[in-house]
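# Descriptive analysis of the structure
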Amino acid sequence: MIFVIKNVEIEGAGTFSGFFKEAGFTVKEISAFRNERFPLPHECEGALFLGGPMNVYENQKYTFLRKEEKFMKSLLSQNIPLIGI
C-alpha cells in the first residue's frame, strides 16, 4: 500500500494516485494535520508526502510535523521508498 500524507485539506495526490493505482498499488490518504495515525513501516510499500503553506522549521506551530518527520525517518531506516513534494 502507498500512503499519501496530507498536510492540509486542499492538497491531494492528483495524478500520482492514478499512477500508483495503475501500477497495481492500493493508495490510502493520511491526514497528518488531523493527527490521524501513521502506519507502521511494515504496512507501507511507499509513501508520498504532500506540501502545504507551512515550512519544515515550523514544528512548534504545526506539531504534527514532528510525527511526520519521525515517520519519514522510520521509512528511510527500512529502505521504504518515499517522495516529498
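Use the structure listed above.
This write-up is about the structure you can find in this document. (Residues numbered from 1 in each chain as written. Predicted model: local features only at pLDDT ≥ 70, side-chain atom pairs only at ≥ 80, totals over all residues. Heavy atoms only, no water.)

### Thoughts on the pairing of strand S3 (residues 46-49)
Within a regular strand, the side chains alternate between the two sheet faces. In S3, alternate side chains face the same way, and those of Gly-46 and Leu-48 on one face and Ala-47 and Phe-49 on the other are all buried. The pairing of strand S1 (residues 2-6) with S3 spans four bridges and is parallel. The residue bridging Ile-5 from the neighbouring strand is Phe-49, located in S3. Where S3 lies against strand S4 (residues 82-84), three bridges are found, and the strand directions are parallel. Each bridged residue has a counterpart across the sheet, and for Ala-47 the counterpart in S4 is Leu-82. Since S3 and S4 lie parallel, the crossover through helix H2 (residues 64-77) that links them has a hand, and here it is right-handed. (Buried < 20%, exposed > 50% of the residue type's maximum accessible area, 1.4 Å probe, protein only. Helix = DSSP H or I, 4+ residues; strand = E, 2+ residues; numbered from the N terminus. Pairing = 2+ DSSP bridges. Right-handed = clockwise from strand over helix to strand, strands pointing away.)

### Remarks on the sheet that holds strand S2 (residues 27-31)
An order of S2-S1-S3-S4 is seen for the four strands of this open sheet, with the pairing classed as parallel. Each of the sheet's edge strands pairs with one partner strand only, and the pair in question is S2 and S4. Taken pair by pair, the neighbouring strands of this sheet meet at an average axis angle of 15°, ignoring direction. Where H2 meets the sheet, it contacts S1, S3 and S4, and its direction lies at approximately 145° from that of S3. (Axes fitted to C-alpha atoms, helices over the stretch in contact; angles between N-to-C directions. Contact = heavy atoms within 4.5 Å.)

### Thoughts on the nonpolar core
Considering soluble globular proteins, one finds that nonpolar side chains tend to be buried as a cluster. If you look at the biggest cluster of nonpolar residues, it comprises 15 residues, and the most contacted ones within it are Ile-5, Phe-38, Cys-44, Phe-49, Phe-71 and Leu-75. At the level of secondary structure, the elements contributing two or more residues to this core comprise S1, S3 and H2. It is H2 that provides the largest number of residues to this core, a total of four residues. What Ile-5 contacts, discounting residues up to four positions off in sequence, is Ile-30, Ala-32, Phe-38, Leu-48, Phe-49, Leu-50, Glu-68 and Phe-71. Membership of the second largest hydrophobic core comes to six residues, among which are Ile-2, Val-4, Phe-20 and Leu-50. (Core = buried A, V, L, I, M, F, W, Y, C linked by side-chain atoms within 4.5 Å.)

In short, shape yes, function no, at least from these values alone.
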